[in-house]
Amino acid sequence: MSLKDKVRDAGVAGCGGAGFPTAVKLGGTYEYLIVNGVECEPLLRTDRYIMRTFADRIVSAVSAVQKELAIPNAVIALKHNYTEEIESLEKAIKKAGASIAIHQLESFYPAGDEQTLVYEVTGRIVPPLGIPGKVGAVVDNVGTMLAIQDALEDKPFTHKYLTVNGDVAKPAVLRVPVGTSFAKCLELAGGTLNDQFVLVSGGPAMGRIIKQEDLEKEFVTKTTSGILVLPADGYHAGYADMKVLHMLSRARSACIQCSFCTQLCPRALLGHPLHPHKVMRRMAVSADIPSVLDDPEIQGAQLCCECGVCEIYACPMGLQPRRINGLIKREMAARKMRLNIGDTELKPDAEREMRKAPSKKLAGRMGLAPYYDADIKAFVEYQAEEVSIPLKMTVGAPCVPCVKAGDMVKTGDVIAQVPENALGARIHASIDGRVSAVDDKISIVKE
Ligand code: SF4
Ligand code: SF4
């Protein structure tokens, strides 16, 4: 069986972002295989743990992918201050005699953004709305590489590494079965320190904010990279409560057109035609989003990766260009609109180097300075008694269950398949037990 088939059968999906099914990427022709170990979201430590602990397995997977796809250049990219991780990887590369380079980046955000990373490593600019393959690169996260190595050993994707950080007694990296409840993960990290809090699933800049009352509805998926417990009166709590109308009326009354949002936007700095200050200007004099969708500047919002630099770091007025861009993007998607890029020459901004957002400062703007330097060395491996595995965990269609309530399953059994001709990653049981319910999740209870 080919590496691609093994990866597809194991249900591997990207561990670092939205969860793109990995097998789909393993079919092209590339000059660069870039392995993303940057982990640019403050407070997460998952990828660092993986690189320190499984350097040999990562190197083995990188070499296998490199060989299978005949990719001339393989690069593991990470931050220059990840000294232990660099050491582990260098040793593993030497031991294996592998032809893999290590690329060290400064500590800026979003260094791990796919398009930023491709430029940093190759000097090539991924075209707007394009994918790295357009410039001969394929990017995969270090966690994905570990899952690929498992797949090569016929072990399906059933467990997830994630960081639990913030206001918990014992911040830790966990390894839990997919479908473990967030509540259990908080317990494994010693419990929360405060009665009132908000949660973030993922990193603090781009993660999904979850209100405390919704904690019970949340389960670990193939893409959960972290769970953060943050203050109930902090930046994230205020952000979650902000209403669209309020954001738009503040944009109308308070945007001073300083253009810092555009000057510091990582996509604009790569030369992409995205100008959040112009979007804000137009929105300030517009009744609603649908009425301005014919404006090419407004359409440029489709190029926004929603990294949040503009509103977390750049805007002196505390406005929300990212959220407004997000609304425009979703409105365009609903209408099947696509920005017409034309033949614009792509040239990075001459001041790009000076305008990178330092990670520590960005974290400070979100009130996260107290957690920023946490040296998380604790690791917890958990054997769950019950799991609820969502049918939609990755990019593409929700999977279709192939088990029913009452069925007995073993860890690794296929329990849901990708619909025919659809994009997705199949799902395997993450514990042994009896299927107790099938709805938008498959619940399994140990017996
Ligand atoms: S969120 Fe803001 S800074 Fe980030 S890409 Fe979008 S407009 Fe640019
Ligand atoms: S940084 Fe803020 S105030 Fe300045 S142009 Fe952008 S949205 Fe307006």
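Residues numbered from 1 in each chain as written. Chains lettered and ligands numbered in written order. Predicted model: local features only at pLDDT ≥ 70, side-chain atom pairs only at ≥ 80, totals over all residues. Heavy atoms only, no water.

Asker: Which parts of the structure should I look at to understand the sheet that holds strand β14 (residues 400–401)?
Answerer: Through backbone hydrogen bonds, the strands of a sheet pair up, either in parallel or in antiparallel fashion. Taken together, the three strands give an open sheet; going across it, the order is β14-β16-β17, and neighbouring strands pair in antiparallel fashion. Unpaired on one side and paired on the other, β14 and β17 (427–428) mark the two borders of the sheet. Across two bridges, β14 lies against strand β16 (residues 414–417) in antiparallel orientation. Across the sheet, residue Pro401 finds its bridge partner in β16, namely Ala416. (Pairing = 2+ DSSP bridges. Helix = DSSP H or I, 4+ residues; strand = E, 2+ residues; numbered from the N terminus.)

Asker: Got a minute to help me understand the sheet that holds strand β19 (residues 441–445) in this structure?
Answerer: The strand order across the open sheet built from four strands is β13-β19-β18-β15, with neighbouring strands paired in antiparallel fashion. Looking at strand neighbours, the two that pair on one side only are β13 (386–390) and β15 (408–409), the edges of this open sheet. Strand direction decides the pairing type here: strand β18 (residues 433–438) and β19, joined by four bridges, are antiparallel. Within β19, the residue paired with Val438 across the bridge is Ile442.

Asker: Explain the site of ligand 2 here, please?
Answerer: Within the structure, ligand 2 sits among Cys255, Ile256, Gln257, Cys258, Ser259, Cys261, His277, Met280, Cys315, Pro316, Met317 and Pro321. Of the residues contributing to the shell around ligand 2, the split by class is nine nonpolar, three polar and no charged. (Near = heavy atom within 4 Å. Nonpolar A, V, L, I, M, F, W, Y, C, P; charged D, E, K, R; others polar.)

Asker: Hey, could you run me through the layout of surface pockets in this one?
Answerer: Gaps between atoms show up when a probe of the same size as a water molecule is rolled over them. There is about 430 Å³ of room inside the second largest pocket. What lines the second largest pocket is a set of 21 residues, and nearest its centre among them are Gly207, Arg208, Ile209, Tyr239 and Arg323. Contributing elements (two or more residues each) for the lining of the second largest pocket: β9 (208–211), α9 (235–241), α10 (244–254) and α16 (321–334). Residue contributions to the lining of the second largest pocket peak at five residues, all from α16. (1 Å grid on protein atoms, 1.4 Å probe; cavity = no way out; pocket = protein on both sides within 12 Å on 5 of 7 lines; lining within 4 Å. Points joined across faces, edges and corners; volume = space filled by probe spheres on them.)

Asker: Where do I start with the packing of aromatic side chains in this structure?
Answerer: Inspection of every chain in the model, using the stated rule, returns six aromatic pairs. Pairing Tyr49 with Phe379 gives two aromatic rings, centres 4.7 Å apart and planes at 10°, and the pair type is stacked. With Tyr49 in helix α3 (residues 46–53) and Phe379 in strand β12 (residues 379–381), this pair connects stretches of sequence that are 330 residues apart. By relative accessible area, Tyr49 is classed as buried at 10%. On the numbers, 5.8 Å between centres and 20° between planes, the contact of Tyr235 with Tyr239 is stacked. (Phe/Tyr/Trp six-rings, centres within 6.5 Å; stacked < 30°, edge-to-face > 60°. Buried < 20%, exposed > 50% of the residue type's maximum accessible area, 1.4 Å probe, protein only.)

Asker: What's the story with the pattern of salt bridges in this structure? I'm lost.
Answerer: Oppositely charged side chains can form a pair if their charged atoms are brought close together. Evaluation of the coordinates by the stated rule reveals 37 salt bridges. Where Glu353 meets Lys356, a salt bridge forms, and the shortest distance between an N and an O atom there is 2.9 Å. The salt bridge involving Lys377 is made with Asp375; its shortest N-O contact spans 3.0 Å. What makes Lys377 partly exposed here is its relative accessible area of 43%. Judged by relative accessible area, which is 59%, Asp375 ranks as exposed. Taken together, the salt bridges that share partners define one network made up of Glu106, Glu120, Arg352, Glu353 and Lys356. (Salt bridge = Lys/Arg side-chain N within 4 Å of Asp/Glu carboxyl O.)

Asker: How should the packing of α3 against helix α5 (residues 83–96) be read in this particular structure?
Answerer: When two helices pack together, their arrangement is given by the angle between the helix axes and by the axis-to-axis distance. As a packed pair, α3 and α5 sit with axes 8 Å apart at the nearest point and diverge in direction by 35°. When the axes of α3 and α5 are compared, the crossing they make is left-handed. Note on element contacts: α5 touches α3 through Glu84, Glu85, Ser88 and Leu89, opposite Arg48, Met51 and Arg52. In terms of residue class, the contact of α3 with α5 is made up of two nonpolar, one polar and four charged. (Axes fitted to C-alpha atoms, helices over the stretch in contact; angles between N-to-C directions. Left-handed = near helix turned anticlockwise from the far one by under 90°. Contact = heavy atoms within 4.5 Å.)

Asker: Help me understand the site of ligand 1, please; the structure alone is not making it clear to me.
Answerer: Around ligand 1 lies a shell of 14 residues, among which Cys265, Cys304, Cys307, Gly308 and Cys310 are the nearest. Elements supplying a minimum of two residues to the shell around ligand 1: α12 (266–269), α15 (309–314) and α16. Among the residues making up the shell around ligand 1, the classes are represented as nine nonpolar, two polar and three charged.

Asker: What's the story with the pairing of strand β10 (residues 226–231) in this structure? I'm lost.
Answerer: When a strand is regular, its side chains alternate between the sheet's two faces. Of all six residues in β10, five are buried, a share of seventy percent or more. In this sheet, β10 lies alongside strand β6 (residues 159–166) in parallel orientation, the contact comprising four bridges. Residue pairing across strands places Val164 opposite Ile227, the latter belonging to β10. Here strand β8 (residues 197–201) runs beside β10; their pairing, made up of five bridges, is antiparallel. When the bridges of β10 are listed, Leu199 appears paired with Val229.

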